[in-house]
Amino acid sequence: MSQLRPAIVLLLVLTLLTGAVYPLLTTGLAQWWFPSQANGSLIEQDGAVRGSEQIGQMFNQPGHFWGRPSATSDAPYNALASSGSNLAGSNPALDKAVAERVAVLRAANPQAPKAVPVELVTASASGLDPDISPEAALWQAPRIAAARKMALKDVEALIVRHTERPLLPFVGEETVNVLRLNLALDDLQG
């Protein structure tokens, strides 16, 4: 009995600290220091939420930039089913999926260079990646310009304006958020 009482008190104290105090403290600090990120990095336009800058969306219209393929199982870009395809590079199913994606992209972008950027045909590890490289966006630019009846240089300038650079040049790569780029494109032609 003498060992049971301290064990129960310690259990209650640690449960209170780790189950209530710590989560409330970290949630409060996150809301104070990083309110946008703590609330999902939501992108609002005209008072409506259009999506999150952290989760990709399905775009397949000729006048929009397309992002990385989604590997989520039941529906594209379903954040509740985040997962990679888990197919090895030697798996014939991966080869088939990539070949099909290349064929779709080449058919939709006949004026683009023959080599399709790899991130347009392979899913990210989460299956939810919202970003592509500037090169992948520029590869799609001729299709966008033709579909929207815009000058190619205007589409390319929009890509350059929406290219996010890493804080330090040797840490990370330049990226373009597909949702932000498409919203800017829609605003431009508003």
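Up top you'll find the structure we're talking about.
Residues numbered from 1 in each chain as written. Predicted model: local features only at pLDDT ≥ 70, side-chain atom pairs only at ≥ 80, totals over all residues. Heavy atoms only, no water.

K.L.:
Which parts of the structure should I look at to understand the nonpolar core?
P.N.:
The nonpolar side chains of soluble globular proteins are, as a tendency, buried together. Phe65, Val155 and Ile159 are the most contacted members of the largest nonpolar core, which has 28 residues in total. Elements supplying a minimum of two residues to this core: α3 (92-108), α4 (134-148), α5 (152-161) and α6 (178-189). (Core = buried A, V, L, I, M, F, W, Y, C linked by side-chain atoms within 4.5 Å. Buried < 20%, exposed > 50% of the residue type's maximum accessible area, 1.4 Å probe, protein only. Helix = DSSP H or I, 4+ residues; strand = E, 2+ residues; numbered from the N terminus.)

K.L.:
How should the side chain of Arg148 be read in this particular structure?
P.N.:
Take Arg148: it is sitting in helix α4. Within polar-contact distance, the side chain of Arg148 engages the backbone oxygen of Gly63 at 2.6 Å. Looking at Arg148, its side chain comes within polar contact range of the side chain of His64, at 3.3 Å. Look past the residues within four positions of Arg148 in its chain and what remains in contact with it is Gly63, His64, Leu185, Asp186 and Gln189. (Polar contact = N/O pair within 3.5 Å; in protein donor to acceptor, adjacent residues only side chain to side chain. Contact = heavy atoms within 4.5 Å.)

K.L.:
Explain the packing of aromatic side chains to me, please; I cannot follow it from the model alone.
P.N.:
Taken as a whole, this structure holds 1 aromatic pair when the rule is applied. Ring centres 5.6 Å apart and planes at 25 degrees place the aromatic pair Trp32 and Trp33 in the stacked group. Neither Trp32 nor Trp33 differs from the other in exposure class; each is exposed. Across the ring face of Trp66, the terminal group of Arg143 is positioned such that the distance to the ring centre comes to 4.3 Å. (Phe/Tyr/Trp six-rings, centres within 6.5 Å; stacked < 30°, edge-to-face > 60°. Lys NZ or Arg CZ within 6 Å of the ring centre and 35° of its normal.)

K.L.:
Any chance you could explain α3 here in plain terms?
P.N.:
Because an α-helix packs 3.6 residues into every turn, residues spaced three or four apart end up facing the same way. Taking 1.5 Å per residue as the helical rise, α3 with its 17 residues ought to reach 24 Å, and the 24 Å between its terminal C-alpha atoms agrees with that figure. Looking only at α3, the buried set comprises Leu94, Ala97, Val102 and Leu105. Viewed along the axis of α3, the buried residues span an arc of 135 degrees, placing them on a single side of the element. Seen from the open side of α3, the exposed residues pointing more than 90 degrees away from its buried face are Pro92, Lys96, Val104 and Ala107. Contacts from the buried residues of α3 go to α4. (Expected span 1.5 Å × (residues − 1). Arc of directions from axis to C-beta.)

K.L.:
Would you mind going over the sheet that holds strand β3 (residues 131-132) with me for this structure?
P.N.:
Backbone-to-backbone hydrogen bonds pair the strands of a sheet. The strands run either parallel or antiparallel. Strands sit in the order β3-β5-β4 across an open sheet of 3 strands; the sheet is antiparallel. Two strands in the sheet have a free side with no partner beyond their single neighbour: β3 and β4 (163-164). Pairing geometry for β4 and strand β5 (residues 175-177), over 2 bridges, is antiparallel. Residue pairing for β5: Thr163 is matched across the bridge by Val176. (Pairing = 2+ DSSP bridges.)

K.L.:
It is not clear to me how the layout of surface pockets should be interpreted in this structure. Could you clarify?
P.N.:
Picture a little ball the size of a water molecule; that probe, rolled over the atoms, points out where space is still empty. Its volume calculated, the largest pocket comes out at about 350 Å³. Taken together, 16 residues line the largest pocket, and the ones lying closest to its centre are Met58, Trp66, Gly67, Pro69 and Arg101. Residues belonging to the lining of the largest pocket are distributed by class as follows: 10 nonpolar, 4 polar and 2 charged. (1 Å grid on protein atoms, 1.4 Å probe; cavity = no way out; pocket = protein on both sides within 12 Å on 5 of 7 lines; lining within 4 Å. Points joined across faces, edges and corners; volume = space filled by probe spheres on them. Nonpolar A, V, L, I, M, F, W, Y, C, P; charged D, E, K, R; others polar.)

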